[in-house]
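# Coordinates in review
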Amino acid sequence: MISKPSRHCAVELQALPSRIGQVRRILSAQLRYWHLDPLIDAAALGVTELLTNVHRHAEPDKQCSIEIAFFLDRLTVSVRDNDPRVPSLRGADLAATCGRGLALVASVSESWGVRPHDDGGKVVWFSLPAPVPAVPAAPARPVAPYSLNAPAPAARGAVDPVTVAAVCLEGTRARPTVVG
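All values derive from a computational prediction rather than experimental measurement.

### Things to note about the pattern of salt bridges
In the structure shown here, the tally under the stated rule is six salt bridges. Across the pair Glu 59 and Arg 85 runs a salt bridge whose closest N-O atoms are separated by 3.9 Å. Of this pair, Glu 59 sits in the loop between helix 2 (40-57) and strand 2 (63-71) while Arg 85 sits in the loop between strand 3 (74-81) and helix 3 (101-108); the two residues are 26 residues apart in sequence, bridging distant segments of the chain. Arg 74 is paired through a salt bridge with Glu 110; the nearest N and O atoms lie 2.8 Å apart. Of this pair, Arg 74 sits in strand 3 while Glu 110 is found in the loop between helix 3 and strand 4 (111-116), placing the two residues 36 residues apart along the sequence. A relative accessible area of 26% places Arg 74 in the partly exposed class.

### Focus on the side chain of Ser 127
Following the sequence through the fold, Ser 127 ends up in strand 5 (residues 122-129). Within the structure, the side chain of Ser 127 is placed 2.7 Å from the side chain of Ser 111, a separation counted as a polar contact. When near neighbours in sequence (up to four residues on either side) are disregarded, Ser 127 contacts Arg 74, Leu 75, Thr 76, Ser 109, Glu 110 and Ser 111.

### Some points on the nonpolar core
Within the largest apolar cluster, 33 residues are counted, with the highest numbers of intra-cluster contacts made by Leu 31, Leu 51, Ile 66 and Leu 75. Listed by contribution, the elements that provide at least two residues to this core are strand 1 (7-14), helix 1 (17-33), helix 2, strand 2, strand 3, helix 3 and strand 5. Here this core gets eight residues from one element, more than from any other, and that element is helix 2. Not counting residues within four places of it along the chain, the set of residues in contact with Leu 31 comprises Leu 36, Asp 37, Leu 39, Ile 40, Ala 43, Ile 68 and Leu 75.

### Observations concerning the sheet that holds strand 2
Taken in spatial order, the five strands line up as 1-2-3-5-4 in an open sheet, and their pairing is antiparallel. Only two strands of the sheet have a single partner each, and these edge strands are strand 1 and strand 4. Between one strand axis and the next, the sheet turns by 15° as a mean value, whatever way the strands run. Here strand 4 runs beside strand 5; their pairing, made up of six bridges, is antiparallel. Counterpart to Arg 115 in the pairing with strand 5 is Val 123. Sitting on the sheet, helix 2 is in contact with strand 2, strand 3 and strand 5, with an inclination near 170° to strand 5.

Basis of the calculations
- Residues numbered from 1 in each chain as written.
- Predicted model: local features only at pLDDT ≥ 70, side-chain atom pairs only at ≥ 80, totals over all residues.
- Heavy atoms only, no water.
- Salt bridge = Lys/Arg side-chain N within 4 Å of Asp/Glu carboxyl O.
- Helix = DSSP H or I, 4+ residues; strand = E, 2+ residues; numbered from the N terminus.
- Buried < 20%, exposed > 50% of the residue type's maximum accessible area, 1.4 Å probe, protein only.
- Polar contact = N/O pair within 3.5 Å; in protein donor to acceptor, adjacent residues only side chain to side chain.
- Contact = heavy atoms within 4.5 Å.
- Core = buried A, V, L, I, M, F, W, Y, C linked by side-chain atoms within 4.5 Å.
- Pairing = 2+ DSSP bridges.
- Axes fitted to C-alpha atoms, helices over the stretch in contact; angles between N-to-C directions.

Limitation: the analysis is restricted to geometry and does not speak to function.
As structure tokens, then:
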């Protein structure tokens, strides 16, 4: 039994400046849906830097895919492109206007790395620790007892937890795609 199911989302696109804002909005919405709001700023900054690197450096094209995966206590964001050249972390001159992308990714993430992809390209990824969920407060008033033989009293707007779990698990398989 898996106590916390994995969640996954993938987006394919051309890494053009006009698309980066769209990806940030998709990523933010997905993290809100997963109740990972505290990770939005760091994840959005990291994905922006990785997509900017694809836009500036990737050859032969700017086609890439982004995957966002949440499993147990870790969010991993990865960007795959078709360029086999591996980026490197380097120091930038204080007056330089570029060259700090991977340093920013390293500073906001718990870990990051690069690995070759089977198709000849590469995957650059970073991970963020998930926030510790808040412990729910005790109910303000005691719940009225009910018989185990009788159905529980229906609260206004109550939803069957099994139905909610099934819908959420189904919803995590969504794979939005941005083409172009």
